[in-house]
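Residue-level structural notes
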Amino acid sequence: MTSNSTSKSKKKFPLHLKILVGMLLGVVFGIVMIGVGSPSKEEIAEVKKNKNFLENTVDDLHAAQAELVLINDALATSNAPLEKFQERERLQKKIGELSNRISDLEKVSRVNASAGKQFVIDWIKPWGKIFVSLLKLIAIPLIVASLLKGISDLKDISKFRKIGGRSILIYVGTTIVAICIGLLAVNIAQPGNGISDETVKTMTDTYAGNSGIVSKLETADSQLNSGPLDFIVDMVPSNLFGALGDNGNMLQVIFFVIFFGIAMLLIPEDKSKPIKDFFDGLNDIVLKMVDLIMLGAPYAVFALLATVVVSSESPEILYALIWYGLTVVFGLLIMIGFYLMLVGLVVKKNPLWFLKQLAPAQLLAFTTSSSAATLPVTMERVEEHLGVEKEVSSFVLPVGATINMDGTSLYQAVAAVFIAQALGVDLTLMDQMTIILTALMASIGSAAVPGAGMVMLVIVLQAVGKFSPEQIAIGLTLIFAVDRPLDMLRTTVNVTGDATVSMIVAKSLGKLGDPHPKEWDDNIENLHQG
Ligand code: ASP
């Protein structure tokens, strides 16, 4: 039952506004917490001094240990003089003292994070993590149930072929447009030409050995060692449960479900009916689970953004990359403009209405940096608020979340040329064509999770053939500091692109119906729909 007053309050605070408020409060809270209990300038200077002292003490310890080894060798001979024994005793004492001093110094050197930052990491971050895990948890059952429902509602394979062919063609088209926008922007703005060799060196020194960048380089390395057809091989799972598992792969699940769905269409209807009914029911349950998870969205985005703010890099490093970041942002804005134009001209819907309906999914994409985690909400918005029929959305959106990454490909184009400019590598027109082709492949291959686009950038840089492995490592290190904010923005564009294409495909097949928005509701009672 929905009372008048509840519906009024719902109108006042639609979900996207609540999420927006959560985001803003998260940012403010994060900024405040960085300042709480942060070490004073003197303390920071003291910690720095201690760090230097610590390094020297560790060197002394190593020297004393090496000396001890030599003395022990000398003592192994029978006629060693007495002084050697005394010398050994002195060294052993010194080593003991140095070790104690090192452990004391280590303790002092560690007290450099503010108490507020630690509080956010210990007590706020886990809530954001739980929310993202819940969304990911629901993503696979949602794809399975809704894709099967979508295919079985088609009743005929040729329709499926039409939807599939059309969406993949449009996906490739929009991605190529995105890469060209990125290339144009970076060639005009030339952000890399302003970066001095000194800055390159400072930044690579800052991040040398940073665990985040090391693990990215390792993942990139394994990507490079794969063959040209490996992405097709990877799409076919050898074990369904492996595909569904933690390290599973969404494309493998989609492959299995489509295969299963096609087989379902080929058997007599009375045989497939129980399975169809089962998945129809499952679909409704899973959608209700999404509703329940979304009740926590405004609080979760608060936690996610507060965490992003307290873990962000020092402003000096961010300033050095400001032109590069702005070039990416400018390109992404043009891409959003391109989608809005498509919605207006091709789909013939009001672009502002489109943005408003999609807003919760975009805001979640921004906060989670993961198209996969956002997928449940994207599907909900596209089906219920934009009016795309399930037959279309259930295929176009999960496939799009994995292979259509316009924001990512645009970013990769800008980043590749930026790195070339900063390192003084000349790129010909042919090289830029290679970037178009490889950024297309790399964005298809990028997983829909945070930071994936940066790892796949290695493929683009490699394909150009003008960067040594060291230069590739330096390049990635260079852009590492601003990867997270750019990831948030490119993921938002990725999700907007998926929604736009699903509308175009639906429109072209006459599957764009009236929206039937079912407002998200805070009142748990109202979630029960009899
Ligand atoms: N985080 C992006 C996504 O999930 C992928 C990337 O560009 O890193 O869509």
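Scroll up to find the structure this text is about.
Overview of the structure. (Residues numbered from 1 in each chain as written. Predicted model: local features only at pLDDT ≥ 70, side-chain atom pairs only at ≥ 80, totals over all residues. Heavy atoms only, no water.)

Let us look at the overall build of the protein. Tallying secondary structure elements over the protein gives 23 helices and zero strands in all. Counting across all 530 residues of the protein, residues that qualify as buried make up 47%. Across the protein, the fraction of contacts at a sequence separation of at least 24, relative to all contacts at a separation of at least 6, is 85%. Surface accessibility of the protein: about 26,100 Å² in total, with carbon and sulfur atoms responsible for 64%. (Helix = DSSP H or I, 4+ residues; strand = E, 2+ residues; numbered from the N terminus. Buried < 20%, exposed > 50% of the residue type's maximum accessible area, 1.4 Å probe, protein only. Contact = heavy atoms within 4.5 Å. Areas by Shrake-Rupley, 256 points an atom, 1.4 Å probe, with all protein chains shown as cover.)

Turning to the site of the ligand, a few remarks are in order. If you check the shell around the ligand, you find 16 residues, and the closest are Ser371, Thr408, Gly453, Asp487 and Arg490. One of the side-chain N or O atoms of Thr408 is found 2.6 Å from an oxygen atom in the ligand. For the ligand, a nitrogen atom lies 2.8 Å from a polar atom in the side chain of Asp487. Protein contact buries 100% of the 270 Å² of open area that the ligand shows by itself. (Near = heavy atom within 4 Å. Polar contact = N/O pair within 3.5 Å; in protein donor to acceptor, adjacent residues only side chain to side chain.)

Another point: the environment of His385. Topologically, His385 is positioned in helix 17 (residues 371-385). His385 sits in the buried class, given a relative accessible area of 1%. Placed 27 residues apart in sequence, His385 and Leu358 show a C-alpha to C-alpha distance of 7.7 Å. Within the structure, the side chain of His385 is placed 3.4 Å from the side chain of Gln357, a separation counted as a polar contact.

Under the counting rule described, the total for this entry stands at seven aromatic pairs. Taking the centre distance of 5.9 Å and the plane angle of 35° together, the rings of Phe256 and Phe260 count as tilted. Note that Phe256 and Phe260 are positioned in helix 11 (residues 250-266) at a spacing of four residues, about one turn of the helix. Through a chain of ring-to-ring contacts, three or more aromatic side chains come together here, namely Phe256, Phe260, Phe278 and Phe279. Note that Arg490 overlies the ring of Tyr411, its terminal NZ or CZ placed 3.9 Å from the centroid. (Phe/Tyr/Trp six-rings, centres within 6.5 Å; stacked < 30°, edge-to-face > 60°. Lys NZ or Arg CZ within 6 Å of the ring centre and 35° of its normal.)

This paragraph deals with the packing of helix 19 (residues 406-423) against helix 23 (residues 483-508). Interaxial distance between helix 19 and helix 23 falls to 6 Å at its minimum, and their mutual angle equals 135°. Put simply, helix 19 runs oblique to helix 23. Where helix 19 approaches helix 23, its residues Asp406, Gly407, Thr408 and Tyr411 are matched on the opposing element by Asp483, Leu486, Arg490, Val493, Asn494 and Gly497. Looking at the contact of helix 19 with helix 23, its residues break down into three nonpolar, four polar and three charged. (Axes fitted to C-alpha atoms, helices over the stretch in contact; angles between N-to-C directions. Parallel < 35°, antiparallel > 145°, perpendicular 65-115°, else oblique. Nonpolar A, V, L, I, M, F, W, Y, C, P; charged D, E, K, R; others polar.)

Right, let's talk about helix 15 (residues 322-345) for a bit. Counted at 1.5 Å a residue, the expected span for helix 15 with its 24 residues is 34 Å, and the 34 Å between its end C-alpha atoms agrees. Those residues of helix 15 that sit buried are Tyr324, Gly325, Thr327, Val328, Gly331, Leu332, Met335, Ile336, Tyr339, Leu340, Leu342 and Val343. Residues of helix 15 that are buried in the fold lie against helix 6 (157-189), helix 16 (351-368), helix 19, helix 22 (469-480) and helix 23. (Expected span 1.5 Å × (residues − 1).)

Orientation of helix 19 relative to helix 22, taken along the N-to-C sense of each, is 115°, at an axis distance of 10 Å. One finds that helix 19 runs roughly perpendicular with respect to helix 22. When you trace helix 19 past helix 22, the crossing you get is right-handed. From helix 19, Tyr411, Ala415, Phe418, Ile419, Ala422 and Leu423 reach across to helix 22, where they touch Gln471, Ile474, Gly475, Leu476, Leu478 and Ile479. Partitioned by chemical class, the residues of the contact of helix 19 with helix 22 number ten nonpolar, two polar and no charged. (Left-handed = near helix turned anticlockwise from the far one by under 90°.)

Glancing now at a positive patch on the surface. A cluster of basic residues, Lys155, Lys159, Lys162 and Arg166, forms a positive patch at the surface. Counting through the fold element by element, Lys155 comes out in the loop between helix 5 (115-154) and helix 6. (Patch = residues over 30% accessible without salt bridge, like charges linked within 9 Å, V, L, I, M, F, W, Y side chains within 5 Å. Salt bridge = Lys/Arg side-chain N within 4 Å of Asp/Glu carboxyl O. Lys, Arg positive; Asp, Glu negative; His and termini not counted. Charge placed at Lys NZ, Arg CZ, Asp CG, Glu CD.)

On the surface, a nonpolar cluster with roughly 480 Å² of combined accessible area is contributed by Leu229, Phe231, Ile232, Val233 and Met441. The element contributing the most residues to the nonpolar patch is helix 9 (residues 230-235), with three residues. Within the secondary structure, Met441 sits in helix 20 (residues 429-445).

Next up on the list: the nonpolar core. Met294, Tyr324, Tyr411, Ile435, Leu457 and Ile479 are the most contacted members of the largest nonpolar core, which totals 125 residues. The dominant element in this core, judged by the number of residues it contributes, is helix 5, at twelve residues. Setting aside chain neighbours within four positions, we find Leu457 in contact with Tyr411, Gln412, Ala415, Ala416, Ile419, Leu476 and Ile479. If you look at the next biggest cluster of nonpolar residues, it comprises twelve residues, including Ala64, Leu75, Ala80 and Ile102. (Core = buried A, V, L, I, M, F, W, Y, C linked by side-chain atoms within 4.5 Å.)

Taking 1.5 Å per residue as the helical rise, helix 11 with its 17 residues ought to reach 24 Å, and the 24 Å between its terminal C-alpha atoms agrees with that figure. Every buried residue belonging to helix 11 is among Met250, Gln252, Val253, Ile254, Val257, Ile258, Gly261 and Met264, and all of these are buried.

With that settled, the discussion passes to the pattern of salt bridges. In this structure the tally under the stated criterion is ten salt bridges. Here Lys149 and Asp280 are joined by a salt bridge, their closest N and O atoms 3.9 Å apart. One end of the pair, Lys149, is in helix 5; the other, Asp280, is in helix 12 (residues 269-294), and 131 residues separate them in sequence. An identical accessibility class is assigned to Lys149 and Asp280; each is buried. Asp291 serves as the salt-bridge partner of Lys288, at 3.5 Å between the closest nitrogen and oxygen. Here Lys288 pairs with Asp291, and both are found in helix 12, just three residues apart, close to one helical turn.

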